[in-house]
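Coordinates in review
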Amino acid sequence: MSLDEGLELKHRDGLARIAKFHGVETPTLMPVVNPNLVVISPREMRANYGVQAIITNSYIIWKNRNLREKALEEGLHRMLDFDGLIMTDSGTFQSYVYGDVEITNSQIVSFQRDINSDIGTILDIFVEPDFTEDMVINAIKETAQRGKEALEYRGEMLLAGPVQGGIYPHLREEAAKIMTSIGFDYYPIGGVVPLMEDYRYREVVESIIHAKMYLDPSRPVHLFGGGHPMFFPLAVLLGVDFFDSASYVKYARDDRLLFPHGTRHLSEIKYVPYYSPVLEKYDLREIREMEKKERTAILARHNLYVSMREMSRIKQAIHEESMWEYAESRAREHPRLLEAYRAVLKYSRYLEKFESISRKSAFFYTGPESLKRPIVHRVKMRLRRFPRRSVVLSLPRPWSANLEKIPAGARVHTPFGLVPLELEDIYPVQQSEFPWNEEKMMVGEYESITREEFDIHKIKSVADYQFGKGAGEALFNGDVRIIKSKNTGKIRNIIVDREHVASMRAEDGFFTLRIHGAMRLHRKFKGRRLRVMVTDDSAEFNRTGKNVFAKFVLDMDPALRPGDEVLVVDSRNNLVAVGRTLLNRFEALHFQRGMCVKVREGVDNPKSSLVEM
Ligand code: GUN
């Protein structure tokens, strides 16, 4: 059983997430600190580079008598002079490199506990890329056995249970299922170092995806040995939270510099391509002529700076909700990265489950791969809800404003497919940028409809797209009044039989539901549809307008996506509130910390049941 409650989600873009874990904001990089050979002190790392967590190797400490005694006496934090999060590895990597280690699983886990490691790692079996399936299966079983054993020795220490599986996707899944069922606090993805070294990025992304499919989504995922900043964007896009880097110092020793676009030897650099406060202080020639030790220290600082900066850039992309655009453009830095990115897109059906209904940032086209993103898969699936009709237009935006007469039942050619004219305002149809302009063209004869008729089609079509077929009829039957913005002329509020049912958001063209809208959908759709079911204790709070916490969620419609409008119901399916979910079902059933639904209105505190007219 795990000891703590896992991550607290702060912001997300698909599987990419910003979260809090024991005082650390993820995604983050843990620089490797070798206590025998400190190149940059952990204190300096924190002060100058914003390092929040470090990783060190407990086996190296254990093997050296002085270090071992010091660590046992002072504890790791004092020994390394670091008050942030410290993770320890177990000696698995040494076992892979040197063939064996002189310690058992229970000894090394107990040692990590005794030196006050915050996150300890079991002595897992390192699966190499050329292992046969049988060898991998045995390694997974042995790792699981050691994991169970370690739970007895871990004391208060958080425990990392690595997911092995080598290059076999089904065995990564198997390993993830077994390790999750045992229940660790933290899940590294192991055995990828040789793949990373050979630029076998496609196999690494497949390893991450297949592991993520079965890992508890509320727990941190760490990519063991994924320390090159070139690979950070793809890994974070797939939900990796922690990285460790020995690369910053290993490369420095070889006179190599890290950049977000790749590695360069010091001798190759004539112009420094990025601002680097470290290199800024010197002439390149001066660095080349320095003594080895001094040069290594400078290059290591540069490499650490670049790595931390790249993580910051990625976090900003999550914050802006432009992670797909960022990872996609970064993937163009190396053909092997592009190959890996294309492999990611083959999992659009799975990835779509984590995609929000809309984003703060517009959909930017960066190349033909853009149209294979999970959000495009979503649009194509949902457009199947709309009948095929004959009039097809090709129009510049805003579509209907560019038409003198509005054609009945028209669809418009877009890169997302043929989109009904009424869906002109929704994300990403409207909020997208392509490197071409639509030509104005009309095909076939059509009958025209009035602006009022078009508005009714529009609100019903958006509702059908957003909530499912039939939602438009359910929400908007009766005496419908559409209130438009005085400034923009866009639809804002919809009143039905004097009840405020929904508002249309200017940013993404979708509806925000009011409690009366929720009641209508609750009557129309049965079972779990559109619902988040909560414990009756929680329901008592939610009906007064309080948010829903993930740990009180009993069940949820599996078709709901982050950002969707949801009906909050009690265990007997009575509607208690309406709001917006931050999680999908898989996540809601696992997360123990943080919010699931941001409630807008509870049945006991309707905010605007009757609109002044
Ligand atoms: N460091 C790099 N890869 C691994 C791995 O697979 N397991 C452990 N424990 N440490 C690693």
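Here's what I pulled together on the structure shown here. (Residues numbered from 1 in each chain as written. Predicted model: local features only at pLDDT ≥ 70, side-chain atom pairs only at ≥ 80, totals over all residues. Heavy atoms only, no water.)

Some remarks on the environment of Asp564
- Mapped onto the secondary structure, Asp564 falls in the loop between strand E28 (553-556) and strand E29 (565-569).
- The sequence separation of Asp564 and Asn584 amounts to 20 residues, and the corresponding C-alpha distance is 9.0 Å.
- When sequence neighbours within four positions are dropped, the list of residues in contact with Asp564 reads Ile357, Ala559, Gly579, Arg580 and Thr581.
- Of the polar contacts made by the side chain of Asp564, one reaches the backbone nitrogen of Arg561; its length is 2.8 Å. (Helix = DSSP H or I, 4+ residues; strand = E, 2+ residues; numbered from the N terminus. Contact = heavy atoms within 4.5 Å. Polar contact = N/O pair within 3.5 Å; in protein donor to acceptor, adjacent residues only side chain to side chain.)

What about the site of the ligand?
- Near the ligand the following residues occur: Asp89, Ser90, Thr92, Phe93, Thr121, Asp124, Phe126, Gln164, Gly190, Gly191, Val193 and Phe224.
- A distance of 2.9 Å is found between an oxygen atom of the ligand and a backbone nitrogen or oxygen belonging to Gly191. (Near = heavy atom within 4 Å.)

Notes on a negative patch on the surface
- Together, Asp283, Glu286, Glu291 and Glu294 make up a region of like negative charge exposed at the surface.
- Examined against the element boundaries, Glu294 turns out to sit in helix H14 (residues 292-320).
- Take Glu294: its relative accessible area is 45%, and that puts it in the partly exposed class. (Patch = residues over 30% accessible without salt bridge, like charges linked within 9 Å, V, L, I, M, F, W, Y side chains within 5 Å. Areas by Shrake-Rupley, 256 points an atom, 1.4 Å probe, with all protein chains shown as cover. Salt bridge = Lys/Arg side-chain N within 4 Å of Asp/Glu carboxyl O. Lys, Arg positive; Asp, Glu negative; His and termini not counted. Charge placed at Lys NZ, Arg CZ, Asp CG, Glu CD. Buried < 20%, exposed > 50% of the residue type's maximum accessible area, 1.4 Å probe, protein only.)

Structural notes on the nonpolar core
- In terms of nonpolar packing, the biggest core is built from 108 residues, with Ile208, Leu223, Phe231, Leu234, Phe243 and Val344 touching the most fellow members.
- Setting aside its immediate chain neighbours within four residues, Leu223 contacts Ile189, Val192, Val204, Ile208, Phe231, Ala235, Val240, Phe242, Phe243 and Asp244.
- With 83 residues, the next largest nonpolar core counts Ile55, Tyr465, Phe467 and Val566 among its residues. (Core = buried A, V, L, I, M, F, W, Y, C linked by side-chain atoms within 4.5 Å.)

Quick notes on the sheet that holds strand E3 (residues 24-26)
- Taken together, 3 strands build an open sheet; the order of strands is E1-E2-E3 and the sheet is antiparallel. Either end of the sheet is taken by a strand with one partner, and the two such strands are strand E1 (8-13) and E3. Direction aside, neighbouring strands of the sheet carry axes that sit 10 degrees apart on average.
- Bridge count for strand E2 (residues 16-21) against E3 is 3 bridges, and the pairing is antiparallel. Looking at the pairing, Lys20 lines up with Glu25 of E3. (Pairing = 2+ DSSP bridges. Axes fitted to C-alpha atoms, helices over the stretch in contact; angles between N-to-C directions.)

Some thoughts on helix H1 (residues 42-49)
- Pro42, Glu44, Met45 and Tyr49 are the residues of H1 that are buried. For H1, the angular spread of buried residues about the axis comes to 155 degrees, placing them on one side. Of the exposed residues in H1, those oriented more than 90 degrees away from the buried face are Arg43 and Ala47. (Arc of directions from axis to C-beta.)

Quick look at the pattern of salt bridges
- Applying the stated criterion across every chain, the model contains 47 salt bridges.
- Glu69 is the salt-bridge partner of Arg65, the closest N and O atoms lying 3.2 Å from each other. One end of the pair is Arg65 and the other is Glu69, both in helix H3 (residues 65-74) and 4 residues apart, which spans about a single turn.
- Owing to a relative accessible area of 56%, Arg65 belongs among the exposed residues under this scheme.
- Between Arg600 and Glu565 there is a salt bridge; the shortest N-O distance is 2.8 Å. A residue pair is termed long-range when its members are at least 10 positions apart, and Arg600 in strand E31 (residues 595-602) and Glu565 in strand E29 qualify at 35 residues.
- A relative accessible area of 2% places Glu565 in the buried class.

Observations concerning the pairing of strand E6 (residues 85-89)
- Across the 5 residues that make up E6, a large majority, 5, are buried.
- What you see with E6 is no split at all: Leu85, Met87 and Asp89 on one side and Ile86 and Thr88 on the other are buried throughout.
- Relative to E6, strand E5 (residues 53-57) runs parallel, the two sharing 5 bridges. Bridging across to E6, Ile55 finds its partner in Met87.

With respect to the packing of aromatic side chains
- Within this structure, the stated rule accounts for 22 aromatic pairs.
- Judged by centre distance (5.6 Å) and plane angle (55 degrees), the rings of Tyr199 and Tyr201 are tilted.
- Taken together through their ring pairs, the aromatic side chains of Phe363, Tyr365, Phe416, Phe434 and Trp436 make up a single cluster.
- Across the ring face of Trp62, the terminal group of Arg68 is positioned such that the distance to the ring centre comes to 5.4 Å. (Phe/Tyr/Trp six-rings, centres within 6.5 Å; stacked < 30°, edge-to-face > 60°. Lys NZ or Arg CZ within 6 Å of the ring centre and 35° of its normal.)

As for the environment of Glu404
- Position of Glu404 among the secondary structure elements: in the loop between strand E15 (392-394) and strand E16 (406-407).
- As for Glu404 and Ser448, which are separated by 44 residues in sequence, their C-alpha atoms are 9.6 Å apart.

A short note on the sheet that holds E15
- Read from one edge to the other, the open sheet built from 4 strands follows the order E18-E17-E15-E20, with strand pairing classed as mixed. One side of each edge strand has no neighbouring strand; the edge strands of this open sheet are strand E18 (417-420) and strand E20 (441-443). Strand after strand, the sheet turns through a mean of 30 degrees between neighbouring axes, direction not considered.
- The pairing of E15 with E20 spans 3 bridges and is classified as antiparallel. Note on E20: the bridge partner recorded for Leu393 is Met442.

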